[in-house]
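Observations on the three-dimensional arrangement
One-letter residues, chain by chain:
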Amino acid sequence: MMQVTTDSPKDELEQSITAASNKTEQVITLDALKEIDEEVQYAIAKAESHLDPWCKESLFLYLCLLVAFLNATSSGFDGSLMGSINAETQYKSFFNLKETGSSTGLVFVLYNAASTIGCAFGGPVMDYFGRRRGMQSGCAFTLAGAALAAGAQTLPQFKASRFLLGFGIILQTLSAPVYVTELIPPQWRGRLGGYYNTFYFTGSITATGVVYATSRYTSTWAWRLPLLLQIGPPICVFVGCFFIPESPRWLASQDRMDEAAKIIYKYHGGEQNEVAKLEVREVALHIKFSKPQTPKEYIRGLWDYRELFNSHSARWRTAMVSLITFASSLTGNSILTCEFFQPTMLQAVGVTSVRRKLLLTFASAIVSCSGAVIGSATNDWILRRTRFVWGSFSLAAALALVAGMSSQVATSTAHGQTPSKAVSGVGIMSIFLFGWIFSFVYTPNQSLYCTEVLNQEIRAKGISLHALESNLATIMFTYTTSIALGDISWKYYFVWIAVDFTVGILWFFFGVETVGRTIEELDGCFEAPFPPKASWKRTKIVKGEGNELGFKFEAVKK
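These notes cover the structure that comes with them. (Residues numbered from 1 in each chain as written. Predicted model: local features only at pLDDT ≥ 70, side-chain atom pairs only at ≥ 80, totals over all residues. Heavy atoms only, no water.)

Here we look at the overall build of the protein
Condition: By definition, any uninterrupted DSSP run of H or I lasting at least four residues is a helix, any uninterrupted run of E lasting at least two residues is a strand, and each is numbered from the N terminus. Note on exposure labels: buried denotes an accessible area under 20% of the residue type's maximum, exposed denotes more than 50%, and partly exposed covers the range between, all computed with a 1.4 Å probe on protein chains only. In this analysis, two residues are considered to be in contact whenever any of their non-hydrogen atoms come within 4.5 Å of each other. Areas reported as accessible are Shrake-Rupley estimates using a 1.4 Å probe. Residue values count occlusion only from the protein chains shown.
On a plain count of helices and strands, the protein comes out with 25 helices and four strands. In the protein, buried positions account for 56% of the 558 residues. Excluding contacts between residues fewer than 6 apart, the proportion of contacts in the protein whose partners are at least 24 apart in sequence is 77%. Of the roughly 23,000 Å² of accessible surface on the protein, a fraction of 63% belongs to carbon and sulfur atoms.

Here's what the structure looks like:
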């Protein structure tokens, strides 16, 4: 055991710190220990600080975050909207489309193609103009796309609207999570950062409910009205961005450290808060040791994505971004949780009524939302890696249950029999279960984990890479899923079951843990020879006899 005490007379001794390290006993000063380990600094600062969640500064912080969260609402509204509208008879007859097939797949793919193109512009825009302007630029395109979609008279016009919406929403959803992560206090990063993606469901549930309500309409307003209502969230974001503070870390990167410090102190507990003071020191040091650039080098660097691969730590950071991107994109959610083809999935387990499909899709969104909310609420104490490992295996099990029930329905239908209500019910339950697990595991962390593992220099580029990889995967599998579901139906699920098992193994051996550290403190993990192992060490504050303040180092259990 290592005994660590303050260097003061016995009668003034106020605290002692016991660190579970090795069997050799030695005494060092507390101040010296703080200088040695940044994680110890944060652990001590966190234990000695209090952040009031109900003070006026915190309440205004929540309003600032709400503006950013509404970008996820825009994304959720459109995602669920098209999945539900795709089941509408009025929509399909007006544009002469089918629920599955290459033409329907192309409508969805255009959205993702535009998002892919937007990825190239998202990073430079938010790095040059700031996080707020990045969100506003996306809102402008989203508003134009929504207006065109609602008034479309031909299929080419509707396809053009999908392209504008895809380009606009990607600019919104690239800038927003970066803004959220850079603004919130580290003590609340898991919860508040997780709630960003959870707001996807506020759009998802609203859109599905609106389509269900308008499905009784016999005119084209059955699908035009929901598309028109899409303008709500981006209007709120565009206006709200004029009243919220800029990201302090972006300000610091623009040599505006005084402004950055004021924002950190204001929303992170005040100038006497130990965590806030530590953050300001870390941000200032990070900027101080960054490579200086001329204006020409800065402009050129905005488009230079080699920074994602030019060092050991950058490659590991990029690898973690790619891992969570493909893990969350290729779990089977492209056919279940994204709701593009959820009505088709419900038909595979015996649901044939269009209105019942819409009602169950609406119910599924509510169930998935509950998973995301609970997942976000527990994000600060359930370790990311643990959640990803067991979540991947659970997703595989739920999807296997969906496949089993779908095969039973297919067999009954092939023999001219009515599928058993019990089988159909279990099939519906398993679809809901899959959505709940995915939302608990990945929805709070898809954007949050990416912004956590990326440092200031490459955060905008890295989140753009995340979006690019996600869109490429979605383009490929949205188009192929539309065809595969029509050709081999439920057998297609086994591809994703195998992927889920593989992803769980990858997270177990290579996942980097981010819980319990400030963003800047993760630099030490990624600079280690093997970052996953370095991240598995945690610094934990404990209290001994007599309420003595203490801490211990412990390895994360595998």
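So, the nonpolar core
Quick reminder of the rule: Each nonpolar core is a collection of buried residues, namely Ala, Val, Leu, Ile, Met, Phe, Trp, Tyr and Cys, held together in the definition by side-chain atoms within 4.5 Å.
With 57 residues, the main nonpolar core has Met320, Tyr442, Tyr449 and Trp507 as its most contacted residues. Not counting the four nearest positions on each side in its chain, Tyr449 is found in contact with Met320, Ile324, Arg384, Phe388, Trp507, Gly511, Val512 and Thr514. The next biggest cluster of nonpolar side chains, apart from the first, holds 34 residues, and it includes Leu65, Val67, Phe69 and Leu251.

What about the environment of Tyr492?
Mapping Tyr492 onto the fold places it in the loop between α22 (459–487) and α23 (493–510). Taking the relative accessible area as the measure of exposure, Tyr492 reaches 9% and is therefore buried. Note: C-alpha distance between Tyr492 and Ala403 (89 residues apart in sequence) is 8.6 Å.

Observations regarding the pattern of salt bridges
Threshold: Salt bridges are identified by distance alone: a Lys or Arg side-chain nitrogen within 4 Å of an Asp or Glu carboxyl oxygen.
Following the criterion strictly, the structure yields 15 salt bridges and no others. The salt bridge involving Arg256 is made with Glu259; its shortest N-O contact spans 3.0 Å. For Asp523, the salt bridge goes to Arg317, with nearest N and O atoms at 2.7 Å. You can see Asp523 sitting in helix α24 (residues 522–526) and its partner Arg317 sitting in helix α16 (residues 312–329), a full 206 residues away along the chain. Overall, Asp523 belongs to the buried group, its relative accessible area being 14%.

Here's the deal with the packing of helix α6 (residues 131–151) against helix α7 (residues 155–183)
Worth spelling out the cut-off: For helices, the fitted axis covers only the stretch in contact; all axes are lines through C-alpha atoms, and the angles between them, taken along N-to-C directions, range from 0 to 180 degrees. For classification, angles of less than 35 degrees are called roughly parallel, those exceeding 145 degrees roughly antiparallel, those between 65 and 115 degrees roughly perpendicular, and all remaining angles oblique. Helix crossings get a hand from a simple test, with the near helix turned counterclockwise from the far one by less than a right angle marking a left-handed crossing and a clockwise turn marking a right-handed one. Note that Gly is not counted as nonpolar here; it falls among the polar residues with everything else outside the nonpolar set of Ala, Val, Leu, Ile, Met, Phe, Trp, Tyr, Cys and Pro and the charged set of Asp, Glu, Lys and Arg.
Following both chains from N to C, one finds α6 and α7 inclined at 155°, their axes separated by 7 Å at the closest point. What the angle tells us is that α6 and α7 run roughly antiparallel. Between α6 and α7 lies a crossing of left-handed hand. Residues that form the contact of α6 with α7 fall into these classes: 17 nonpolar, eleven polar and three charged.

Considerations on unusual backbone geometry
A positive phi is found at Asp255, a non-glycine position, where the angle reads about 60°. In this fold, Asp255 is placed in the loop between α12 (248–253) and α13 (257–267). In this structure Asp255 comes out as exposed when scored by relative accessible area, which is 70%.

Overview of the side chain of Thr214
Worth spelling out the cut-off: Polar contact criterion, stated in full: a pair of N or O atoms within 3.5 Å, where within protein one must be able to donate a hydrogen and the other to accept it, and residues adjacent in sequence count only if both atoms are side-chain atoms.
Summarising the element assignment, Thr214 is placed in helix α9 (residues 200–214). Classification of Thr214 as buried rests on a relative accessible area of 3%. Looking at Thr214, its side chain comes within polar contact range of the main-chain oxygen of Val211, at 3.3 Å. When sequence neighbours within four positions are dropped, the list of residues in contact with Thr214 reads Trp221, Ala222, Leu225 and Pro226.

Here we look at the packing of α7 against helix α8 (residues 189–198)
Following both chains from N to C, one finds α7 and α8 inclined at 165°, their axes separated by 9 Å at the closest point. As far as their axial angle goes, α8 and α7 are roughly antiparallel. For α7 against α8, the interelement crossing comes out right-handed. Contact with α7, carried on its side by Thr173, Ala176, Pro177, Val180 and Thr181, involves Arg189, Leu192, Gly193 and Tyr196 of α8 and no other residues of that element.

Quick look at the environment of Ser328
Structurally, Ser328 can be placed in helix α16. Judged by relative accessible area, Ser328 falls into the buried class, the value being 1%. Expressed as a C-alpha distance, the spacing of Ser328 and Asp500, which sit 172 residues apart in the sequence, is 9.4 Å. Contacts of Ser328, omitting those with residues within four sequence positions, involve Asn333, Phe438, Tyr442 and Gln446. A polar contact of 2.7 Å, which involves the side chain of Ser328, links it to the backbone oxygen of Ile324.

Quick look at the packing of aromatic side chains
Spelled out, the test is: Only rings of Phe, Tyr and Trp enter the pairing, Trp through its six-membered ring, and a pair is recorded when the two centres are within 6.5 Å. The plane angle decides the type: under 30 degrees is stacked, over 60 is edge-to-face, the rest tilted. Charge over a ring is defined by NZ of Lys or CZ of Arg lying within 6 Å of the ring centre and within 35 degrees of the ring normal.
If you walk through the whole model with that rule in mind, you get 28 aromatic pairs. For the ring pair Tyr62 and Trp188, a centre distance of 6.2 Å and an interplane angle of 40° mean the geometry is tilted. You can see Tyr62 sitting in helix α3 (residues 56–85) and its partner Trp188 sitting in the loop between α7 and α8, a full 126 residues away along the chain. Between the aromatic rings of Phe388 and Tyr442, the centroid separation amounts to 5.5 Å while the plane-to-plane angle is 10°, which identifies the pairing as stacked. Of this pair, Phe388 sits in helix α19 (residues 384–414) while Tyr442 sits in the loop between α20 (421–441) and α21 (446–453), placing them 54 residues apart in sequence. This pair shows no difference in class: Phe388 is buried, exactly as Tyr442 is. What links up through ring pairs into an aromatic cluster is the set Tyr91, Phe94, Phe95, Phe158 and Trp223. In this structure, Arg385 is placed above the aromatic ring of Trp536, and the distance from its NZ or CZ to the ring centre is 4.2 Å. Here the guanidinium or amino end of Arg387 rests over the ring plane of Phe440, the centre of that ring lying 4.6 Å away.

Quick word on a nonpolar patch on the surface
Rules: Like-charged residues are merged into a patch within 9 Å and nonpolar side chains (Val, Leu, Ile, Met, Phe, Trp, Tyr) within 5 Å, provided each residue has over 30% relative accessible area and no salt bridge.
A grouping of Ile235, Phe238, Val239, Phe242 and Phe243 is seen on the molecular surface, where their side chains present a nonpolar patch of about 500 Å² in accessible area. Along the chain, Phe238 falls in helix α11 (residues 232–240).

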